Amino acid sequence: MVGAQVAANTIISNGGNVQMMSNGNATELKLDELRKLVGKSDGDLLKIVGVGAGAWGSVFAALLQDSYGHFREKVQIRIWRRAGRSIDKVTAEHLFEVINSREDVLRRLIRRCAYLKYVEARLGDRTLYADEILKDGFCLNMIDTPLCPMKVVTNLQEAVWDADIVINGLPSTETYQVFEEISKYWKERITEPIIISLAKGIETALEPVPHIVTPTQMIMSATGIAKENILYLGGPNIASEIYNKEYANARICGAEKWRKPLASFLRQPHFTVWDNSDLVTHEVMGGLKNVYAIGAGMVAALTNESATSKSVYFAHCTSEMIFITHFLAEEPERLAGPLLADTYVTLLKGRNAWYGQMLAKGELSLNMGDSIKGKGMIQGVSAVGAFYELLSQSCLSLLLPVDNKPVAPVELCPILKTLYKILIKRELPSEGILQALRDETMNDPRDRIEIAQSQGFYRASLLGKP
């Protein structure tokens, strides 16, 4: 077991004896331990494939490639993305600038005889494609952060049919459809793969009772893979910063059989991975913070980055999130740290906050949809609709302490209601978020938290639990 890291070496405990092991040997040891658990024999590759090549999915695959890719006789790491996505000339020109600003990237492309095509694309003499540039280490949603070269597959069946570990890097809105197709290629498998989902989005279903549907639940439903083989990994992470080795942490959640060995396998000096058994609740919280990040971006843009206005918004949005977690978690206080940390980083630099800013500035419009060039899917938009729909159900009504009248939970979430009117119903402009904050009838955020803490709100059925 890895005990501690000292300089370039790792201290390994072996039968009570302490010995030094180089980082390279420690990395290979972690790989060997996982290969053994998966049941791999000598000469049989451990096959890992990422499905979906957005920013986080691409970075995650690149981190694995950087750490383990040189053990070619033991592991194969690939990533799938759809073919045919062309790159416009403006993006090609920007990509060329990025390449020439990084001497290491420029030399690498010249060495691989891949530089000329970027020159031709800049001049408009050639069309580049997203899967083509990904092979050279460029994610279309994250052009400014070059990654390592990757093995890219555009045929889904080829990518997944014999994979041992599948990384879901798809948006929640695409997860079920793609994994339903994948299930056709797994019908004759003898052993089930391990699936790690990175998706932070949710959907809502109202039958047979109102409940949230998370990406891991979609995967289980689409494929029939056992629950113990499906895990979720999330945390307060910005993909580009993690690849640039800024310190970060995450949790991998799921059954103990796989979460502990995978936490060890994924852990790196700059990327700490803890493990937790509560898969669905952490997954839902990852979707919840995206809702309020959009509003935070709007407030920042509309108030010219006023620290006071942003803090007022933060007080209200965090009290709503705490209120909502009391419906979704039996011990909501245990989620406070992870939820607030994830919310904080998303409000600072996440794509959902950026999207809110661009809407408020008029640089984007809702008519452009929620899949944005250079950013990918803005998952907070669909999450706004999902949480609003769920919390509007009369069967979840609660009694207000003042007049003892039953109200739907959403009535105590004015920020969520306003975002729904702006983003989904399109009844209000972005400025509506400021009107909500300045509403004199709005309760003190503390009151909302006290209501949540004084009543037993927890409904296991909302997470699809019996």
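How each quantity is defined
Residues numbered from 1 in each chain as written. Predicted model: local features only at pLDDT ≥ 70, side-chain atom pairs only at ≥ 80, totals over all residues. Heavy atoms only, no water. Salt bridge = Lys/Arg side-chain N within 4 Å of Asp/Glu carboxyl O. Buried < 20%, exposed > 50% of the residue type's maximum accessible area, 1.4 Å probe, protein only. Domains from an automatic or database assignment. Buried area = accessible area lost by both parts, 1.4 Å probe. Polar contact = N/O pair within 3.5 Å; in protein donor to acceptor, adjacent residues only side chain to side chain. Helix = DSSP H or I, 4+ residues; strand = E, 2+ residues; numbered from the N terminus. Nonpolar A, V, L, I, M, F, W, Y, C, P; charged D, E, K, R; others polar. Contact = heavy atoms within 4.5 Å. Pairing = 2+ DSSP bridges. Axes fitted to C-alpha atoms, helices over the stretch in contact; angles between N-to-C directions. Parallel < 35°, antiparallel > 145°, perpendicular 65-115°, else oblique. Left-handed = near helix turned anticlockwise from the far one by under 90°.

If you walk through the whole model with that rule in mind, you get 22 salt bridges. Linking Asp-104 and Arg-102 is a salt bridge whose minimum nitrogen-to-oxygen distance equals 3.1 Å. On the accessibility criterion, Arg-102 (31% relative accessible area) is partly exposed. A salt bridge links Glu-132 to Arg-126; the shortest N-O distance between them is 2.8 Å. Here the salt bridges share partners, and the residues they tie into one network are Arg-112, Lys-117, Glu-120, Arg-126, Glu-132 and Asp-136.

All right, on to the domain arrangement of the protein then. In terms of domains, the protein is made up of domain 1 (38–83 + 152–277) and domain 2 (280–463). One C-alpha centre belongs to domain 1, the other to domain 2, and the line joining them spans 28 Å. Between domain 1 and domain 2, the buried area comes to about 2400 Å², and carbon and sulfur atoms account for 62% of it. The largest contributions to the domain 1 side of the interface with domain 2 come from Lys-200, Ile-202 and Ile-212, which together make up 24% of the buried area. At the boundary of domain 1 and domain 2, one finds 1 salt bridge. Taken together, the connections running from domain 1 to domain 2 amount to 7 residue pairs in polar contact (both at pLDDT 80 or more). When residues of the side of domain 1 that touches domain 2 are traced back to their parent elements, those giving at least two are α8 (172–185), β11 (203–205), β12 (211–213), α9 (215–223) and β14 (248–253). When grouped by side-chain class, the residues that make up the side of domain 1 that touches domain 2 number 13 nonpolar, 11 polar and 5 charged.

We now examine the side chain of Arg-81. Tracing the backbone shows Arg-81 in the loop between β5 (75–80) and β6 (86–87). Discounting chain neighbours no more than four positions away, the residues touching Arg-81 are Ala-53, Ala-130, Asp-131, Leu-134, Val-152, Val-153 and Thr-154.

Okay, the sheet that holds β14 next. One open sheet holds the 8 strands; their spatial order is β8-β5-β4-β9-β10-β13-β14-β15, and the pairing between them is mixed. This sheet does not close on itself; its edge strands, each paired only once, are β8 (151–153) and β15 (271–276). Looking at each pair of strands side by side, their axes are set apart by 25° on average, direction ignored. Contacting β9 (165–168), β10 (194–197) and β13 (230–234), α9 crosses the sheet at an angle of about 160° to β13. Along the sheet, helix α11 (residues 256–266) contacts β4 (46–51), β9, β10, β13, β14 and β15; its crossing angle with β15, the most-contacted strand, is approximately 175°.

This paragraph deals with the packing of helix α12 (residues 279–302) against helix α15 (residues 351–361). Between α12 and α15, whose axes approach to 6 Å, the crossing angle comes to 40°. Taken together, the axis directions place α12 and α15 in an arrangement best described as oblique. Of the two possible hands of crossing, α12 and α15 adopt the one that is right-handed. Facing α12, whose interface residues are Asn-290, Ala-293, Ile-294, Gly-297, Met-298, Ala-300, Ala-301 and Leu-302, α15 presents Asn-352, Ala-353, Tyr-355, Gly-356, Gln-357, Leu-359, Ala-360 and Lys-361. In terms of residue class, the contact of α12 with α15 is built from 10 nonpolar, 5 polar and 1 charged.

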